Amino acid sequence: SINLDTQRSSSENGKQRPVSYGLEATTDADGRWQVDISPSGVSGVSVLVTHPQYVVDGLSGQRLTPPMDELRARRSILNMKRGLIVEGRVVDWAGQPVEGAQVFQGEDRFMEGSPSTTTNADGRFIFENAREGEMVLTVIKRDFAPDLKRIRVGEKTDPLEFMLEPGSTIRIRIVDKEGNPIQ
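Residues numbered from 1 in each chain as written. Predicted model: local features only at pLDDT ≥ 70, side-chain atom pairs only at ≥ 80, totals over all residues. Heavy atoms only, no water.

Right, let's talk about the overall build of the chain for a bit. Across its full length, the chain carries 1 helix and 12 strands. Ordered by position in the sequence, the α and β elements of the chain form the string β-β-β-β-α-β-β-β-β-β-β-β-β. A separation threshold of at least 6 residues defines the contact pool for the chain, and within that pool the share at least 24 residues apart is 53%. For the chain, the exposed surface amounts to about 12400 Å²; the carbon and sulfur share of it is 46%. (Helix = DSSP H or I, 4+ residues; strand = E, 2+ residues; numbered from the N terminus. Contact = heavy atoms within 4.5 Å. Areas by Shrake-Rupley, 256 points an atom, 1.4 Å probe, with all protein chains shown as cover.)

With that settled, the discussion passes to the nonpolar core. Ranked by internal contacts, the top residues of the largest apolar core, which has 17 residues, are Val-86, Val-90 and Leu-137. Of all the secondary structure elements, the ones that give two or more residues to this core are β6 (84-92), β9 (124-130), β10 (133-140), β11 (147-153) and β12 (160-164). Ala-25, Val-45, Val-47 and Met-68 belong to the second largest nonpolar core, which has 9 residues in total. (Core = buried A, V, L, I, M, F, W, Y, C linked by side-chain atoms within 4.5 Å. Buried < 20%, exposed > 50% of the residue type's maximum accessible area, 1.4 Å probe, protein only.)

So, about the sheet that holds β9. Within the open sheet, the 3 strands sit side by side as β9-β6-β12. Their pairing is mixed. Every interior strand has two partners, whereas the edge strands, β9 and β12, have only one. Across the sheet, the mean angle separating the axes of adjacent strands is 25° when strand polarity is ignored. Pairing of β6 with β9 involves 5 bridges; the strand directions are antiparallel. If you follow Val-86 over to β9, its bridge partner there is Phe-127. (Pairing = 2+ DSSP bridges. Axes fitted to C-alpha atoms, helices over the stretch in contact; angles between N-to-C directions.)

As a further point, take the environment of Phe-144. The topology assignment puts Phe-144 in the loop between β10 and β11. A sequence separation of 23 residues divides Phe-144 from Gly-167, and the C-alpha atoms of the two residues are 4.1 Å apart. Leave out the neighbours within four places in its chain, and Phe-144 touches Asp-92, Trp-93, Val-98, Leu-164, Glu-165, Pro-166 and Gly-167.

To continue, consider the sheet that holds β11. Judged by pairing direction, the sheet is antiparallel, and its 4 strands sit side by side in the order β8-β7-β10-β11 without closing on themselves. Taken across any chain shown, the strands that pair with only one partner, and hence form the sheet edges, are β8 (116-118) and β11. For this sheet, the mean inter-axis angle between neighbouring strands, taken without regard to orientation, is 20°. Relative to β8, strand β7 (residues 102-105) runs antiparallel, the two being bridged by 3 bridges. Counterpart to Val-103 in the pairing with β8 is Thr-117.

Here it is, written out as C-alpha cells:
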C-alpha cells in the first residue's frame, strides 16, 4: 500500500508546508499507482510504501521524497526486494499458547510503518518482510507484561519463543501544585 503526504511551497517564505496527510493508494497489476484527490499546487510529496512480503531497499519505515518532475512524468521507480522470514511463538508462563498477542517490529509500537502481526490460536506469528540485520521485536497482550527481544535476522533465522509473564498494575495519582487530584 502507498501512504502519501503532500506539501506546497509557502508564498510567504518559500518553505514547504503540509497540505494533506494520509492519502492512500494501492498498486495495480503493473506496480503503478496514482492519487486523484491530491490538492492543486503540490510542490512536494512524501511516500511510505508497505507490503507484507517485501521491503523497500535500504529503508525501514521511512518516508521517501521522490522528485516531483519524475512523479509528474510517471518515471519515478521504487525498488523493493523480497523480505526475509522471522517467525516464532508466544506462550504464557505455563507454556500455553497466547492467542491474539500483537507482535511489532521495533521498540515503539506506535512507529509509523512498523510491520506488525497477531498470534494465532497456537501462539504463532510470522513476518515475511524482515530485512537482514538487527531487529527488535516487541510483544504485547492485555493482562500480560510486554516482552522485547533483539535478534539478528539472516537468510535462515531460527524460530523465536516469547514467554509472557502476568502483568501487574501500575497506579499513578495526578495532582496539581497544591496536591489536589486532577480528574
